[in-house]
Amino acid sequence: MTLLRQHAPADHADLPGPATEQMLAAAEERMGISLPGDLRTWLLQNNLDLPEEDVDDEVACCGFDGFPDEGSFFLGIRAMERLYANRSMPGGFDPPDQPDNPFWRNEWIPFPSDQDGWMGKFIDVRDGRVGRWFVGEITVTGEYESLAHYFDSIAEMLTKIADGTYPVCGVTEGRLVWT
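Calculation criteria
- Residues numbered from 1 in each chain as written.
- Predicted model: local features only at pLDDT ≥ 70, side-chain atom pairs only at ≥ 80, totals over all residues.
- Heavy atoms only, no water.
- Helix = DSSP H or I, 4+ residues; strand = E, 2+ residues; numbered from the N terminus.
- Contact = heavy atoms within 4.5 Å.
- Areas by Shrake-Rupley, 256 points an atom, 1.4 Å probe, with all protein chains shown as cover.
- Lys, Arg positive; Asp, Glu negative; His and termini not counted.
- Charge placed at Lys NZ, Arg CZ, Asp CG, Glu CD.
- Core = buried A, V, L, I, M, F, W, Y, C linked by side-chain atoms within 4.5 Å.
- Buried < 20%, exposed > 50% of the residue type's maximum accessible area, 1.4 Å probe, protein only.
- Salt bridge = Lys/Arg side-chain N within 4 Å of Asp/Glu carboxyl O.
- Phe/Tyr/Trp six-rings, centres within 6.5 Å; stacked < 30°, edge-to-face > 60°.
- Expected span 1.5 Å × (residues − 1).
- Arc of directions from axis to C-beta.
- Polar contact = N/O pair within 3.5 Å; in protein donor to acceptor, adjacent residues only side chain to side chain.
- Axes fitted to C-alpha atoms, helices over the stretch in contact; angles between N-to-C directions.
- Parallel < 35°, antiparallel > 145°, perpendicular 65-115°, else oblique.
- Nonpolar A, V, L, I, M, F, W, Y, C, P; charged D, E, K, R; others polar.

Participant: Could you clarify how one ought to interpret the overall build of the chain in this entry?
Facilitator: On a plain count of helices and strands, the chain comes out with 6 helices and 10 strands. Taken along its principal axes, the extent of the C-alpha atoms in the chain is 50 × 35 × 30 Å. For the chain, contacts bridging at least 24 residues in sequence account for 49% of all contacts bridging at least 6. Of the accessible surface of the chain, which amounts to about 9,300 Å², a share of 49% is contributed by carbon and sulfur atoms. Each charge class in the chain was averaged separately, 13 positive and 32 negative side chains, and the resulting centres sit 3 Å apart.

Structure, rendered in structure tokens:
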């Protein structure tokens, strides 16, 4: 977030403040699952839920558009909880006849997504690894060893954007602009 503040200060200024322990505890209770430590730390620094008046009930997920990339955004705790509720299954995984190769497991908590909830990344509460899903494609587990490794890749991308060496994004008037 320091890199975002340095290189895209107008985007950074639009972001809301942190979640509270009470917000996280209430969400964990509603979801029936504990958030991994890295995800808790992130949310306690950056909740990223849109203000209630900006939430669009017509879309599956709401967030601050254009970060970490064009077409997706980091989820705040409310959006995370909502998408998790849409994905979780009574038996623990989907489809129910493929426990070793599911499209979705209840141990996965989404944290960035597109507006439709068709694609995004998740953190596996069992081991902290980050994977990705895309509806209609095979789910990839362990794309990143941890949330920290994922954020390292985001920091590298922001550094390239600031240097002008990231071909599909630049900064204009303090905002990330995707081409």
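Participant: I'm lost on the nonpolar core in this one. Help?
Facilitator: Across soluble globular proteins, nonpolar side chains show a tendency to be buried alongside one another. By size, the foremost hydrophobic cluster in this structure holds 40 residues, and its most contacted members are Leu35, Leu39, Leu43, Met80, Ile109, Phe111 and Leu176. Residue contributions to this core peak at 6 residues, all from helix 6 (residues 147-163). Residues contacting Met80, with those up to four places away along its chain left out, are Leu39, Leu43, Leu75, Ile109, Pro110 and Phe111.

Participant: Is there a simple way to explain the pattern of salt bridges in this structure?
Facilitator: Note on pairing: side chains with opposite charge can pair once their charged atoms come close. This structure, assessed with the given rule, holds 11 salt bridges. Overlapping salt bridges, with partners in common, bring together Asp11, Asp14 and Arg175 in one network.

Participant: Before we go on, may I ask you to explain the environment of Met157 in this structure?
Facilitator: Inspection of the secondary structure assignment puts Met157 in helix 6. Spatially, the C-alpha atom of Met157 lies 30 Å from that of Pro102, the residues being 55 residues apart in sequence. Contact partners of Met157, with chain neighbours within four places excluded, come to Pro68, Tyr166 and Trp178.

Participant: Explain the packing of aromatic side chains here, please?
Facilitator: Two aromatic rings, taken as a pair, are described by how far apart their centres are and by the angle between their planes. Inspection of every chain in the model, using the stated rule, returns 13 aromatic pairs. Ring centres of Trp108 and Phe122 lie 4.2 Å apart, and the angle between their planes is 15 degrees; on these two criteria the pair is classed as stacked. Within this pair, whereas Trp108 is found in strand 5 (residues 108-113), its partner Phe122 is found in strand 6 (residues 119-124), the two being separated by 14 residues in sequence. Side by side, Trp108 and Phe122 carry an identical accessibility label, which is buried. A connected cluster of aromatic rings, assembled from ring pairs, spans Trp42, Phe74, Phe111, Tyr144, Tyr150 and Phe151.

Participant: I'm lost on helix 6 in this one. Help?
Facilitator: The periodicity of an α-helix, 3.6 residues per turn, causes residues three or four places apart in sequence to face the same way. The terminal C-alpha atoms of helix 6 lie 24 Å apart, and with 17 residues this matches the ideal 24 Å at 1.5 Å per residue to within 8%. Looking only at helix 6, the buried set comprises Leu147, Tyr150, Ile154, Met157, Leu158 and Ile161. Seen along its axis, helix 6 keeps its buried residues to an arc of 100 degrees; they face one direction. The exposed residues of helix 6 that point more than 90 degrees off its buried face are Asp152 and Asp163. The N-capping residue of helix 6, defined by a side-chain oxygen 3.3 Å from the backbone nitrogen of Ala148, is Ser146. Phi turns positive one or two residues past the end of helix 6, at Gly164, with a value near 80 degrees.

Participant: I'm lost on the packing of helix 3 (residues 21-31) against helix 5 (residues 77-87) in this one. Help?
Facilitator: Angle between the axes and distance between the axes: these two values describe a pair of packed helices. It is the contact of helix 3 with helix 5, at a shortest axis distance of 10 Å, that shows an interaxial angle of 5 degrees. One way to sum up the angle between helix 3 and helix 5 is to call them roughly parallel. In contact with Met23, Leu24, Ala27, Arg30 and Met31 of helix 3, helix 5 contributes Ile77, Glu81 and Tyr84. Taken together, the residues of the contact of helix 3 with helix 5 sort by class into 6 nonpolar, no polar and 2 charged.

As far as function goes, none of this settles anything; it's purely spatial.
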